Amino acid sequence: MQITPHLFQKRLKKPGPNGRYVMFRVGYALLGIGLFIFLWVAGGYLVFTRPGYEQFSGFLPVPTLEAFRGLLFEDQFWQSVWASIRRVIIGITIAFVLGLPLGLLIGFYEKLQLTTYTPVQFLRMISPLSWMPVALLVFHSFESAIYFLITMATVWPIILNTAHGVSQVNPHWVNMARNQGAKDYQLLMKIVVPASIPYILTSLRLALGVAWIVLVPAEFLGISSGLGYIINDARDTMEYDRLGAIIIAIGFIGFILDGSIEIIQRMFSWNVA
Amino acid sequence: MTIQMEKVCKRFPQPAGKELSVLEDVDLVIGEGEFVIILGESGCGKSTLLNLMAGLLPLSDGEIRVKGTRVARPHPSRAMLFQQPSLLPWLNVEENIVFGCKLRGEKENLAVRTAQLIEIMGLSGFEKVKPHELSLGMAQRVCLARAMIGHPQILLLDEPFASLDTITRSHLQEELIEFWMVEKFTAVFVTHDIDEAILMGTKVVLLGGRPRGILQAYEVNLNYPRDIASRGFFLLRSAIIKKLRESFDGRQEG
Ligand SMILES: Nc1ncnc2c1ncn2[C@@H]1O[C@H](COP(=O)(O)OP(=O)(O)O)[C@@H](O)[C@H]1O
Ligand SMILES: [Mg+2]
């Protein structure tokens, strides 16, 4: 098997953040970034230097990076970033407030799980963007419609992962707590919720990924702020360097948001003895 | 607290609509302050019997009474110790020990009692340590402290030392007996280890046969600490082995 030596090395190198292992990881991370830039340069020159494509040369690394530096000094850009992040936060918060208790209850009561399984799986498979026309009919502002879309996109992973976390709770802990005289609500609050925190954080991380993906197309539709809006605007004005720079920015911000949840996840991942 | 079991039966539903009868007509009286061992091979229903006493499982038939009251649900006066330490990984040693008292709102003298138990169990210096950093033996000590902190009148132990190495196990056996002699609770201790049974119990109850029931009960009239090389120990050990063999042969013929 090809995979064994690699797994073996991982085992050896896992324990402790020793200097060598950190270097090893950073080295490969840099290699990945280098490869990414190389592919961008090579792909860019192959495609955008061909006759008929010169107008798109803004997508090449140098103009894009220059435009990116320009973005950093631009008020409209930062306002858009903030508008987008705010929408994601509000949408996920609503989804979390609805989805967390539902997920806990569904995981806790088997009958509720059996009842909700089909509708949840069904609703989960509907592309969040297909709710847009409905959202625009129901909500009078684009802003609320976007909150609705993000909530619709993220509530399912939150419900499903939380419920899964609850079902994974060690039955010994439950027996122990019952033996110690725990009532149902105490089982929920003192055992089930803390034991599910890693799964809840995973659900938030998934939700954030989905929300960030849904956000940009949602902002194409009628709204006049946010990263989706300025990217559309750059296309209409044919500023392709700016367009490329905004794409890079979207990737960066998503990467940072995801990374911050990953850090929180690490703080809550206990080793089960 | 005496525990009275009358015609206790337990059947588990099987997938094919059939039932698996695990315990049939178990009659047993456990007197206050006794240290009773339930001895039997793996799968003979020892854990099931203990869980019935704890109130974690419903009875199929018969009755279990503790001090005259029917057992229907778990109660903190009957504390339980499991084979695998069931510590909560997000709490440190001290927080794990007081977990049950906090649940029940028993705050009186809690700090003093916690400090006492930590001392007795040899956990000093480990108060703030998280469970995954403990050895199995230490973790089981924490579980024992957690079980004992609410002054339960009955302690139910389900092979608590089975996954420990021999040396740690013999330490813990001694410590548990010393602790029991001071605190004077009633103990029901499940094991499949004959030596452990005779080392610790005031009474050894053999569980087995088909259908599973009580084969025989032995009083152990030996002083603590017991000597595994003594004549009394040897005689009792031989008697138990003989009985187990008879029951095994009977089963093969039947
Ligand atoms: N919840 C359960 N459902 C079905 N069968 C069970 C259940 N618990 C135990 N059993 C069966 O009952 C028998 C006795 O189990 P147990 O009490 O755990 O034995 P012991 O503790 O003596 O090893 C075993 O055959 C086991 O498979
Ligand atoms: Mg067992």
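For the structure itself, look to the data block above.
Keep in mind that this is a model prediction, so the values were computed, not measured.

Asks: Please clarify how the overall build of chain A should be interpreted in this entry.
Replies: When its secondary structure is counted, chain A shows eleven helices and zero strands. Seen in sequence order, chain A has helices and strands lined up from the N terminus as α-α-α-α-α-α-α-α-α-α-α. By principal-axis analysis of the C-alpha atoms, chain A measures approximately 75 × 55 × 35 Å. Within chain A, counting contacts between residues at least 6 apart in sequence, those at least 24 apart form 73% of the total. For chain A, the accessible area works out to roughly 16,300 Å², and carbon and sulfur atoms hold 70% of it.

Asks: Please explain the interface of chain A and chain B as it appears in this structure.
Replies: With 19 residues of chain A at the contact, the number on the chain B side is 22 residues. The largest share of the area that chain A buries against chain B comes from Met176(A), Asn179(A) and Gln180(A), three residues that together contribute 37% of it. Summed over the shared surface of chain A and chain B, the result is zero salt bridges. Our enumeration of links across chain A and chain B arrives at six residue pairs in polar contact (both at pLDDT 80 or more). When residues of the side of chain A that touches chain B are traced back to their parent elements, those giving at least two are helix 8 (171-179) and helix 9 (184-220) of chain A. Here the side of chain A that touches chain B gets seven residues from one element, more than from any other, and that element is helix 8 of chain A.

Asks: Whenever I open this one, helix 7 (residues 142-167) of chain A confuses me. Can you help?
Replies: Each α-helix winds once per 3.6 residues, and so residues spaced three or four apart point in a common direction. All names here are of chain A. With 26 residues, helix 7 should cover 38 Å at 1.5 Å per step; its first-to-last C-alpha distance of 38 Å lies within 8% of that length. A maximum bend of about 30° is found in helix 7 at Thr154, where proline Pro157 lies one to four positions downstream. The buried count for helix 7 comes to 19 of 26 residues, which makes it a mostly enclosed element.

Asks: Would you take a moment to explain the packing of helix 7 of chain A against helix 9 of chain A for this structure?
Replies: Geometry of a packed helix pair, given as the angle between the helix axes and the separation of the axes. All names here are of chain A. Two numbers describe how helix 7 lies on helix 9: the axes approach to 7 Å, and their chain directions differ by 155°. One way to sum up the angle between helix 7 and helix 9 is to call them roughly antiparallel. Helix-helix and strand crossings are classified by hand; for helix 7 and helix 9 the assignment is right-handed. Of the residues that constitute the contact of helix 7 with helix 9, the class distribution is 18 nonpolar, eight polar and one charged.

Asks: Can you walk me through helix 3 (residues 61-72) of chain A in this structure?
Replies: Residues and elements named next belong to chain A. In this model helix 3 runs 16 Å from its N-terminal to its C-terminal C-alpha over twelve residues, within 8% of the 16 Å that 1.5 Å per residue would give. If you check which residues of helix 3 are buried, you get Pro61, Thr64, Ala67, Phe68 and Leu71. Taken down its axis, helix 3 places every buried residue within 135° of arc, on the same side. Among the exposed residues of helix 3, those oriented more than 90 degrees off its buried face are Val62, Glu66 and Arg69. Of the surrounding secondary structure, the elements contacted by the buried residues of helix 3 are helix 2 (19-48), helix 4 (75-108) and helix 11 (240-268).

Asks: It is not clear to me how the nonpolar core should be interpreted in this structure. Could you clarify?
Replies: Membership of the largest hydrophobic core comes to 49 residues, with the highest contact counts inside it found for Phe35(B), Leu155(B), Leu176(B) and Ile240(B). With eight residues, helix 5 (residues 136-148) of chain B is the largest single contributor of residues to this core. When near neighbours in sequence (up to four residues on either side) are disregarded, Ile240(B) contacts Leu39(B), Ile194(B), Ile198(B), Val204(B), Leu206(B) and Tyr218(B). One finds Ala163(A), Leu201(A), Ala234(A) and Leu243(A) within the second-largest nonpolar core, a separate group that totals 47 residues.

Reading the values: the criteria
- Numbering of residues begins from 1 in every chain and follows the order in which that chain's sequence is written.
- For naming, the first written chain is A and the first written ligand is 1, with later ones following in the order written.
- At least 70 in pLDDT is required for a residue's local features to be given in this predicted model, at least 80 for side-chain atom pairs to be given and counted, and no such filter applies to totals for whole chains, interfaces and linings, which use all residues.
- Side-chain numbers here rest on the full set of heavy atoms in the structure, without hydrogens or water.
- A helix here means a DSSP run of H or I that spans at least four residues, while a strand means a run of E at least two residues long, and both kinds are numbered starting from the N terminus.
- Whether two residues are in contact is decided by their heavy atoms, any of which lying within 4.5 Å being enough.
- Exposure was quantified through the Shrake-Rupley algorithm and a 1.4 Å probe, taking into account, for residues, occlusion by the shown protein chains and nothing else.
- By definition, the buried area sums, over both parts, the 1.4 Å-probe accessible area that each loses when the two are put together.
- Any carboxyl oxygen of Asp or Glu that lies within 4 Å of a side-chain nitrogen of Lys or Arg is treated as forming a salt bridge with it.
- Each polar contact in these results corresponds to two N or O atoms within 3.5 Å; when the atoms are within protein, one needs to be able to donate a hydrogen and the other to accept it, and residues that are neighboring in sequence are counted only if both atoms are side-chain atoms.
- Any helix carries an expected span of 1.5 Å times its number of residues minus one.
- We define the bend at each residue as the angle formed by axes fitted to the 7 residues ending at it and the 7 residues starting at it.
- Only protein chains enter the accessibility calculation, which uses a 1.4 Å probe; a residue is then buried when its area is under 20% of its type maximum, exposed when over 50%, and partly exposed in between.
- Lines are fitted to the C-alpha atoms to define the axes, a helix being fitted only along its stretch in contact, and any angle between axes, read from their N-to-C directions, falls within 0 to 180 degrees.
- With respect to orientation, any angle under 35 degrees is reported as roughly parallel, any angle over 145 as roughly antiparallel, any angle of 65 to 115 as roughly perpendicular, and every other angle as oblique.
- Working rule for handedness: look at the near helix, and if it is turned counterclockwise from the far one by less than a right angle, call the crossing left-handed; if clockwise, right-handed.
- For this scheme, ten residues count as nonpolar: Ala, Val, Leu, Ile, Met, Phe, Trp, Tyr, Cys and Pro. Four count as charged, namely Asp, Glu, Lys and Arg, and the remainder, Gly too, count as polar.
- The directions from the helix axis to the C-beta atoms form the arc being described.
- Residue types Ala, Val, Leu, Ile, Met, Phe, Trp, Tyr and Cys, when buried and joined through side-chain atoms within 4.5 Å, form a set referred to as a nonpolar core.

Geometry only, nothing functional implied.
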